Amino acid sequence: MPKSQVRRDHFGDLLRTLRLERRLTQEELAEAAGSSVRGIREMERGRVRSPQRRTVVLLADALRLAGEDRDRFVALARVERQPDDRVAVPDDRVAEVPHDRSAFVVPGELPAAVPDLAGRAEILERLSALAADVTAGRPDTASVVVLHGPPGIGKTSLAVAAGHRLSPAFAGGQLFVDLQGASPDDPVDPAEALAGLLRSLGVPDSRVPVSPTERGGLFRTLTRDRPLLVVLDNAASEAQVRPLLPAGRGCLALVTCRRPLTGLAGAVRLPLDLLAPAAGRLLLAAIVGADRIAAELAAADQLVKLCGRLPLAVRIAGNRLASRPQWSVGWLVDLLRDQRQRLTVLTAGDLGVRSAFEVSYRQLDPMTARVFRRASLIPGPDFEPALVAAVAGTDEDTAAAALEELVEAGVLLTMGDRYQFHDLLRLYAQERLDAEEQQASRTGAHDQMVGWLLRRTRQAGLMFEPVASRVDSPFDDDRAAAYWLNRESVNWLAALRDAARRGRHADVVAVTRALHWYSDANSHRHSWDEIFSLGVAAARAAGSPRDEAVLLNFLGWARYFCRDRNTDGLAALDRALELAQRIGDRREEAWALTYTAAIFIRIGRGGAAVDHCRRAVGLFREIGYALGEHSAASALGAALATLGRFAEAAELHGDVLAFYVQGNGLSRTGAVVAQAGAMMSLGADLAGMGLWRNAADEYARARRLFNRCGATFSEAIAIHRYGLALQALGEADAAAEALRAALALYAALSCPWWEAQTLSALAALAGSAPGQAADARLLRQRALDRCGELDAPEVRTLRATLRRELAES
């Protein structure tokens, strides 16, 4: 064919014809030629203007072309523009180009934009503002933007959409280069990319310099005085990108990469987030049809969630629905619920979530890949380097470096000093773990992780024990231990459950016993009912009645104090008392009596409570356990207060407070919690004597101490009682403010009984204020709702009161 009759897009037509004649799919041709499916697809569509020579030769080999057929194929790929469309570049000075803008080619190489981009309006607006600054020549304006994020996040779609939106501002044209950086074996060489860019700008093949340095110089010269938009898609590294950046102040480069390319100086980096649920639904509607999605809104929202809000996954799910009109959205949701099949289901044609992840995974070094795989064994949603080191069988520094590399590769998210998988990437990591490591290796890694978590949890818990009971620990103090226990709670609780299931009774007993003093300051932060139940079962299975008695006491406390289940608490404490008496453990007998007395106080059995407390004080005194003796004495004071003997109670609580102020072997947090508890008891005594201002002062002091050590539930009670004291003093506005603050804390901790009491107090305040009868009624209804199914004498009393007040209002 004469050269003048050759059009560049004929290459794509010829490539497709030859492929089909040989009955090859795009995937098969890509594999045979060592190319990407996407590259084949773009060439066939005519979107790749200048295929690299090496790529063309490999394609010719894969298609088994020879002779004239091969020559024609290669010639079409290298065809030049018409002479009058090209820039004349003299032989003797390669960088010498005309300054007349009319002599330049105006390329428009952007691929077609997806019509259904969703959830990226904010970034598009930011890019528009940046482009306006660039084209206006404003100083100190960044001319390079890196759009980065994990595979499947939609970087290319956004860059192309932004390119089309911004193209009117760049009259010099728009260039697009797929750098194939996600392919570990075939990223585009910067020199070859420069040759393609120069040809796109009208430089004939014969005038493209051989030297990469000269190519870069010519490219910068050609772009110095023209407003040009360059989209560098799928970059591998900073070194690949730098030579391809245009030089003109009116130019803008959009770079997409899985890494943030932190080495590019002066670039603006825009990380792409997962789609918001509403944006995910919009994307589905754009692909499937708004009516179809509107008919199954709940299922559509669940579908977006199961896709992890990843744009590629949502798009694939939408494509599958669009190609199967007989499917309901709910049907696809059911398919995706099976985690073992989810990545397979999220495949449509040549689009696949698994294949997108595979590209990044294959570029990892062996240790980083191992960290990636084994981190999927961690049960919690996020984790620290030390835990990863344990499960990967390496040191913490190596684990930390590998985690940072995974973040750079876009396959792990970072949250400060912690890390997190995207849901679908966790599934992929689990697949790789199952495929690449033997069962014995997986089991060993899991056991290493569980053992490490159990040891670290026990060490952290023991930091709250009296000083004499502490052991060598990786924690500097009890605050550091509490910080770790709170942040790692999902992981250590999962390890504890695993140990219980697998019969590691000694470990379960040791950990649950070590957590007792920590639980005092964090009563509503963790599921202590479950934790101490596991301990009781393990102690019984191990044949250790002494441990069982200890843990039954902890369980009784957890049931009444943390869960407001007084009857269940009494049942556990009765068992603890009987067992302690049978084995002659006077210390646990005394604790069982003390905890039982606390429940008696709650349910109005003051006389029985006094009897139990006096017996407990005597037992603790006999064995010389001063800490237990003062705990029982504090409970005795509360029991006396229920009988109206407030002065005696106040004297006891004053002595107890003085004891705790001296520390007496308690940890720092334990001493603060104990002091605050004594202040609360003293405040109640003063309130009983009608000394409301003094009571309010004690509650305020207690609140500050509880707040300091993070005892949120106890802080809420202190605020609650402070509000009641202010209410008794007639300070209605301040009382309501305090009660609302207490209510917010109770709600955050999910304490329905305490919410009900606080709402009832707020209703009383509103009912006494003019014009607030409707508010009072609403508050009483909310209080009644919060009573729910709770069944205890005090709850039944409040429920009856609320119903009566509602009937009368």
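Attention in this report is confined to the structure presented alongside it. (Residues numbered from 1 in each chain as written. Predicted model: local features only at pLDDT ≥ 70, side-chain atom pairs only at ≥ 80, totals over all residues. Heavy atoms only, no water.)

## Structural notes on the overall build of the protein chain
What counts is decided by this rule: Secondary structure is summarised from DSSP: a helix means a run of H or I of at least four residues, a strand means a run of E of at least two, and numbering begins at the N terminus for each. Relative accessibility decides the category of a residue: with a 1.4 Å probe and only protein chains considered, values under 20% of the type maximum give buried, values over 50% give exposed, and everything between is partly exposed. Here a residue-residue contact requires only that any non-hydrogen atoms of the pair lie within 4.5 Å.
Tallying secondary structure elements over the protein chain gives 40 helices and ten strands in all. Its C-alpha atoms give the protein chain principal-axis dimensions of about 110 × 65 × 55 Å. For the protein chain, the proportion of its 809 residues judged to be buried stands at 53%. Across the protein chain, contacts joining residues at least 24 apart in sequence account for 67% of those joining residues at least 6 apart.

## Section: the sheet that holds strand 10 (residues 418-420)
Formally: Strand pairing is assigned whenever DSSP detects at least two bridges linking the two strands.
Read across the open sheet, the three strands follow the order 8-10-9; overall the sheet is antiparallel. The open sheet is flanked by strand 8 (382-383) and strand 9 (413-415), the only strands paired with a single partner. Where strand 8 lies against strand 10, two bridges are found, and the strand directions are antiparallel. Along strand 10, the bridge assignment pairs Phe383 with Tyr419.

## Regarding helix 35 (residues 692-708)
The line we're drawing: One fewer than the residue count of a helix, multiplied by 1.5 Å, yields its expected span.
For helix 35, which comprises 17 residues, the first-to-last C-alpha distance of 24 Å matches the rise-based estimate of 24 Å (1.5 Å per residue) to within 8%. Burial in helix 35 covers these residues: Ala695, Ala696, Glu698, Tyr699, Ala700, Ala702, Leu705 and Phe706. Against the buried residues of helix 35 lie helix 34 (668-688) and helix 36 (712-728). Backbone geometry just downstream of helix 35 places Gly710 in the positive-phi region, at approximately 75°.

## Focus: the environment of Leu127
With respect to the secondary-structure elements, Leu127 resides in helix 6 (residues 121-135). When the C-alpha positions of Leu127 and Ala499 are compared, they lie 52 Å apart, and in sequence the two are 372 residues distant. Leu127 has contacts with Val145, Ala162, Leu166, Leu254 and Leu270, leaving out every residue within four places of it along the chain.

## Remarks on the sheet that holds strand 3 (residues 229-233)
Hydrogen bonds between backbone atoms are what pair the strands of a sheet, whose relative direction is either parallel or antiparallel. Note the cut-off: Inter-axis angles, ranging from 0 to 180 degrees, are taken between N-to-C directions of lines fitted to C-alpha atoms, where helices are fitted over the stretch in contact.
A sheet is described by the order of its strands in space; here five strands give the open sequence 2-3-4-1-5, paired in parallel fashion. A strand with exactly one partner marks an edge of an open sheet, and here the two such strands are strand 2 (174-178) and strand 5 (268-271). Ignoring which end each strand starts from, the neighbouring axes of this sheet average 15° apart. Bridge count for strand 3 against strand 4 (residues 252-257) is four bridges, and the pairing is parallel. When the sheet's bridge partners are listed, Val230 is paired in strand 4 with Ala253. Helix 6 contacts strand 1 (144-148), strand 4 and strand 5 of the sheet and is inclined by roughly 170° relative to strand 5. Packing of helix 7 (residues 155-166) onto the sheet brings it into contact with strand 1, strand 2, strand 3 and strand 4, and relative to strand 4 it is tilted by some 165°.

## Points about the side chain of Ser634
Residue position: Ser634 is located in helix 32 (residues 626-642). Setting aside chain neighbours within four positions, we find Ser634 in contact with His653, Val656 and Ser681.

## A short note on the packing of helix 11 (residues 277-288) against helix 14 (residues 311-323)
Just so we agree on the cut-off: Crossings are sorted by hand: turned counterclockwise from the far helix by less than a right angle, the near helix makes the crossing left-handed, and turned clockwise it makes it right-handed. Three residue categories are used. Nonpolar comprises Ala, Val, Leu, Ile, Met, Phe, Trp, Tyr, Cys and Pro, charged comprises Asp, Glu, Lys and Arg, and polar comprises the others, including Gly.
In the contact formed by helix 11 and helix 14, the axes pass within 9 Å of each other and the chain directions differ by 30°. Judged by the twist between their axes, the crossing of helix 11 over helix 14 is right-handed. Each of Gly280, Leu283, Leu284, Ile287 and Val288 in helix 11 lies in contact with helix 14, whose residues at this interface are Pro311, Val314, Arg315, Gly318, Asn319, Leu321 and Ala322. Its residues placed into classes, the contact of helix 11 with helix 14 shows eight nonpolar, three polar and one charged.

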